[in-house]
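Observations on the model geometry
Chain residues, written in single-letter form:
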There are 2 protein chains.
Amino acid sequence: MAQKPSIPKGTRDFGPLEMAKRNYIFDTIRSVYSLYGFRPIETPAMENLSTLMGKYGEEGDKLLFKILNSGEFRHGISADDYQEKSAAALAAAFCEKGMRYDLTVPFARFVVQHRDELQMPFKRYQIQPVWRADRPQKGRYREFYQCDADIVGSDSLLNEIELMQIVDEVFSRFGIRVCIKINNRKILTGIAEVIGAPEKIVDITVAIDKLDKIGLDKVNDELRADGLSEEAVAALQPVIALQGTNAEKLQVMRRVLATSETGLKGCDEVEQVLTALETAGMRNAIELDLTLARGLNYYTGCIFEVKALDVQIGSITGGGRYDNLTGIFGMPGLSGVGISFGADRIYDVLDQLNLYPEAAQSGVRLLFCNFGAAEAACCLRYARQTRAAGIATEVFPDSTKMKKQMAYANAHRIAFVALVGESEMAEGRLTLKNMATGEQQLLTIDEAIATVGQ
Amino acid sequence: MAQKPSIPKGTRDFGPLEMAKRNYIFDTIRSVYSLYGFRPIETPAMENLSTLMGKYGEEGDKLLFKILNSGEFRHGISADDYQEKSAAALAAAFCEKGMRYDLTVPFARFVVQHRDELQMPFKRYQIQPVWRADRPQKGRYREFYQCDADIVGSDSLLNEIELMQIVDEVFSRFGIRVCIKINNRKILTGIAEVIGAPEKIVDITVAIDKLDKIGLDKVNDELRADGLSEEAVAALQPVIALQGTNAEKLQVMRRVLATSETGLKGCDEVEQVLTALETAGMRNAIELDLTLARGLNYYTGCIFEVKALDVQIGSITGGGRYDNLTGIFGMPGLSGVGISFGADRIYDVLDQLNLYPEAAQSGVRLLFCNFGAAEAACCLRYARQTRAAGIATEVFPDSTKMKKQMAYANAHRIAFVALVGESEMAEGRLTLKNMATGEQQLLTIDEAIATVGQ
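Residues numbered from 1 in each chain as written. Chains lettered and ligands numbered in written order. Predicted model: local features only at pLDDT ≥ 70, side-chain atom pairs only at ≥ 80, totals over all residues. Heavy atoms only, no water.

What to know about the sheet that holds strand E11 (residues 336–341) of chain B
All names here are of chain B. Rules: Here a strand pair is declared whenever DSSP counts at least two bridges between the two strands. Helix numbering and strand numbering both begin at the N terminus, where a helix is a DSSP run of H or I of at least 4 residues and a strand a DSSP run of E of at least 2.
Pairing within the open sheet is mixed, and its eight strands lie in the order E1-E5-E6-E11-E10-E9-E7-E8. Each having just a single partner strand, strand E1 (39–40) and strand E8 (285–288) make up the two edges of the open sheet. In this sheet, E11 lies alongside strand E6 (residues 143–152) in antiparallel orientation, the contact comprising six bridges. Note that in E11 the partner of alanine 149 across the bridge is isoleucine 339.

Looking at the relation of the copies chain B and chain A
The cut-off we apply is this: To superpose the copies, least squares is applied to the C-alpha atoms of every residue with a pLDDT of at least 70 in both. Pairs of residues are marked as contacts when any of their non-hydrogen atoms sit within 4.5 Å.
After a rotation of 180° and a shift along the axis of 0.0 Å, chain B superposes on chain A with an RMSD of 0.1 Å. These values place the two chain copies in the arrangement generated by a two-fold rotation axis. Residues of chain B ranked by C-alpha distance from the rotation axis are headed by B:Ile67, positioned 2.3 Å from it. The overlap is high: 100% of the interface residues of chain B also sit at the interface in chain A, so the same surface is used on both sides.

Comments concerning the side chain of A:Ser154
Operational definition: The cut-offs for exposure are 20% and 50% of the maximum accessible area for each residue type, with area from a 1.4 Å probe on protein chains only; residues under the lower value are buried, those over the upper are exposed, and the others partly exposed. Polar contact criterion, stated in full: a pair of N or O atoms within 3.5 Å, where within protein one must be able to donate a hydrogen and the other to accept it, and residues adjacent in sequence count only if both atoms are side-chain atoms.
Relative to the assigned elements, A:Ser154 resides in the loop between strand E6 (143–152) and helix H7 (158–174). For A:Ser154, a relative accessible area of 2% puts it in the buried group. Within the structure, the side chain of A:Ser154 is placed 2.8 Å from the side chain of A:Asn159, a separation counted as a polar contact. At a separation of 2.8 Å, a polar atom in the side chain of A:Ser154 contacts the side chain of B:Asp398. Contact partners of A:Ser154, with chain neighbours within four places excluded, come to A:Pro121, A:Asn159, A:Arg321, A:Ser335, B:Pro397 and B:Asp398.

Focus: the environment of A:Ile166
All names here are of chain A. Among the structural elements, isoleucine 166 can be located in helix H7. The buried category is assigned to isoleucine 166, whose relative accessible area is 0%. Each C-alpha atom, one on isoleucine 166 and one on leucine 277, is 12 Å from the other, the two residues being 111 residues apart in sequence. Beyond its immediate chain neighbours, meaning those up to four positions away, isoleucine 166 contacts Val32, Tyr33, Tyr36, Phe38, Ile339 and Phe341.

Some points on the pairing of E8(B)
All names here are of chain B. Only one face of E8 is buried: it carries Ile286 and Leu288, and the other face, with Ala285 and Glu287, is open. Here strand E7 (residues 178–184) pairs with E8 via four bridges, running parallel. Looking at E8, one finds that isoleucine 180 is bridged to isoleucine 286.

What about the environment of A:Thr326?
All names here are of chain A. As for its placement among the helices and strands, threonine 326 is situated in the loop between strand E10 (317–322) and strand E11 (336–341). Each C-alpha atom of the pair threonine 326 and valine 152 lies 9.4 Å from the other, and the pair is 174 residues apart in sequence. Other than its neighbours up to four places away in sequence, threonine 326 contacts Ala108, Val111, Val112, Met331 and Leu334. Here methionine 331 takes part through its backbone oxygen, which lies 2.5 Å from a polar atom of the side chain of threonine 326.

Right, dumping it as structure tokens:
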């Protein structure tokens, strides 16, 4: 036999069992998004490269998959150009289109392109694959799904509150215990203002984040190495040592940020969200975490991240508020806030904790074995009845050995097998075998439907 | 404002209303596939070009979207090569990967690649987009979904029978009246054998297909122009004039094909499928149609096609049996049979006949209007209760003008609006407005849930 065919590295096939688990994840997220009034949209896999380029930084541009123009793609590019231009410049000349890199930029493009048809605020969710020419490694793929929900056109913190409720609801449905971390870009800006080092904010959060690992002295050393003055390091001490309840932390931060209007506004925003959530029956803890600084250049208000409590894995959900997403497409002043569930990591967490419900792992309830043409014709009639009763049913198409047919039922975790041989046909009955218990019963089709449908 | 961003020609954005309709289509097809024991798989959007090239004919190769290799894609291709090679050869050098062109070739690749893990027969369905660099025109897109189901590893006609039942069930659920046309490649082969012109079979079916439009004399002229002898044209007369019930047609064909073993086998197969379906409670007619010759080079047994009765549109579903799909990947002798629903055309038919159920067009049931911070906090508590009761609910995030909030409810066809002002809060009640009737009631939240949840 020839060499087995394969798929591009970093991509995956999903067989029936993986699909069942993945659909359980997507369906759960989709249900909760819908329950909160988010509406689905889809955008094309390909966008114009002009839409994508420059939106993900220089590194991001390199990671875009580019689609070669059809036909004579060389048009207007001489052999000299070919030799002299950089690969990137040449790629830009040969390619007009690229593959979707995330769902955020296409969403911004969608909002601007369709702004005349959209009723604001616009709440959308989008569950689609994205593609990145990243070096593939464990847990990092070149094709993966994102599950985003965003609201644009509303400044209200009510949106942040509802997004946190969505996170809480989704992970409760999964049975995954999580800690939701919250921060606010304005608090970080305030800290930088107060210590007089606005350009150091990333270094500061990186250093503070290491407290648990390296201890206070080394954190302070690192801050000095980053070029912070002794005064600044001293001013940061209450922030680094920040502990206690969210209320206690906010009290400290209000003191530290007393001279920063922006910083205090950040504290107000976080407090308002936390207060509203106190009475919202949240089943997971929400915690103010100042080291949370994801996508700093991007977010302008609240920032969130979700960590699983019972599995060692990175952030499994994240999001935040951005104030100028559509500005890149010429439509400034539209505030937005969103979250994104990391489906691949959630898949791994559910697997490790063995949390998939049985129903997510089995599809077909009933298999009719095939003993020959006459028996199969009878089974087809029965199957019409079981399907009409909503029971997912198969009739084994070939009258092969029983052993093979039973192996098929076992491989697919089919709950019941029906045997219709000559004697059953004569009696107008079937033998129903419960595959879990091995129990067999001689039943009419109506009795079988009642048993299998339970 | 800058120029509006756009998307590549031939691609589409889908907004919430279109998504609701599309999901109704996909969910219906998916439910029926599952009911018949088909299991979902997904394959990557990108395949190795070696997997795709040469599988769709020369024209198909040109219509493949190719993905430029990352980084220095020129590697090993000199400026001389650049100038001298054909665009196609150069594209093959610059690109290792291409976009999925259909679901059939990736499925064949999947079966061969995973053959050691698969239990035969393997029944899979796959609903994913495909991409073709076709010239875009009305109803033809460069990105569109296919909805395929196939069984491989079983020769049994029971599969054909069940696929026809699936077709019948899906269109019954949609409320679209259809005619299912069936033919068999072996009958066509037999005709060619009998008239001694095996290479003319496509010309013959094309000519016969024109009978209604141009009449018998011109059909015969065309057959002569195609190079058929007078004898052959004479032998074809009963085939061209074929009329009556399926049984009557089969009777004629058995006479015509009396000397062709293959042709008679084709008649047997069609008869067996039709006989089984007679007692299967089919709600749509199934008709033997000898002019049906789709994908002749591809199919080897039964061929089917579905036409809508009440809308002028091409085939909306098709399929057939192929005997050597996986042979192209070095795994010969695996027979398969499949169908593919044309989601875009079904969308148009449902639209034209106004057959979308109301439920497919509205999502959110209840909107809480926002009169200010205190009222909104109260609404958030109520919304927790309505959502816990499974009612898709929104709280309008900003306390803007009522007119705007009502316009939002109307735009999204939200069934009920809840008004919680100062007086309602004081009373512990809410005013529930039925947006269809305009009726307003002062209710407790439990009463509102009972009303909205109906």
